[in-house]
Amino acid sequence: MARKIKLLGLFILIMSMLIIGCNGKPEANVTPNPQESDTRIQDEPAANIKTAEGEYVGQIDNNSVEIKLSNLPQPVSARAFQLSDELNAKWDEINLKDGEKITITYLVREGQNSLLQDVKRINE
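For clarity, every value in this text was computed on a predicted model and none was experimentally measured.

**Q** When you look at unusual backbone geometry in this model, what are you seeing that I'm missing?
**A** Both trends apply: most residues other than glycine have a negative phi, and most peptide bonds are in trans. In this structure, N95 takes a positive phi of about 55 degrees despite not being glycine. Structurally, N95 is set in the loop between α5 (91–94) and β4 (101–107).

Below, the structure is given as structure tokens:
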């Protein structure tokens, strides 16, 4: 009798493991693809893509910079922008200095920092 109970317990354990392990749903690949993020930028409505002039304040971290926009009043003119993957890859080559006047193109994203797509120096 004890042997039958042990076998029944083992059978239930094995079946439980099979049911839990084989739920039939394939695992989703959650690794972000950098090319997809830049592709989505190109698909954004033109109303979300802005161009502005401003002054480069400095780099916040490896992915973000601060820029004072010329068209906004002083207390709110400084904004943080996230660098797009493409711009981040060549950021060191651009070599902006604090205080330089620039023209930027960026994507406005609701609930997030705007995504900086392009930076050009203004030659004065």
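Still more ground to cover, so stick around.
**Q** I would appreciate a short explanation of the pattern of salt bridges in the present structure.
**A** Opposite charge on two side chains lets them pair, provided their charged atoms get close. Across all of its chains, the model carries 3 salt bridges by this definition. Here E100 and R121 are joined by a salt bridge, their closest N and O atoms 2.8 Å apart. On the criterion of sequence distance, the pair formed by E100 in the loop between α5 and β4 and R121 in strand β5 (residues 114–121) is long-range, its members being 21 residues apart. Between K120 and D118 there is a salt bridge, with the nearest N and O atoms lying 3.3 Å from each other. When its relative accessible area of 24% is taken as the criterion, D118 is described as partly exposed.

Reading the values: rules and limits
- Residues numbered from 1 in each chain as written.
- Predicted model: local features only at pLDDT ≥ 70, side-chain atom pairs only at ≥ 80, totals over all residues.
- Heavy atoms only, no water.
- Helix = DSSP H or I, 4+ residues; strand = E, 2+ residues; numbered from the N terminus.
- Salt bridge = Lys/Arg side-chain N within 4 Å of Asp/Glu carboxyl O.
- Buried < 20%, exposed > 50% of the residue type's maximum accessible area, 1.4 Å probe, protein only.

Shape is all these values report; function is a separate question.
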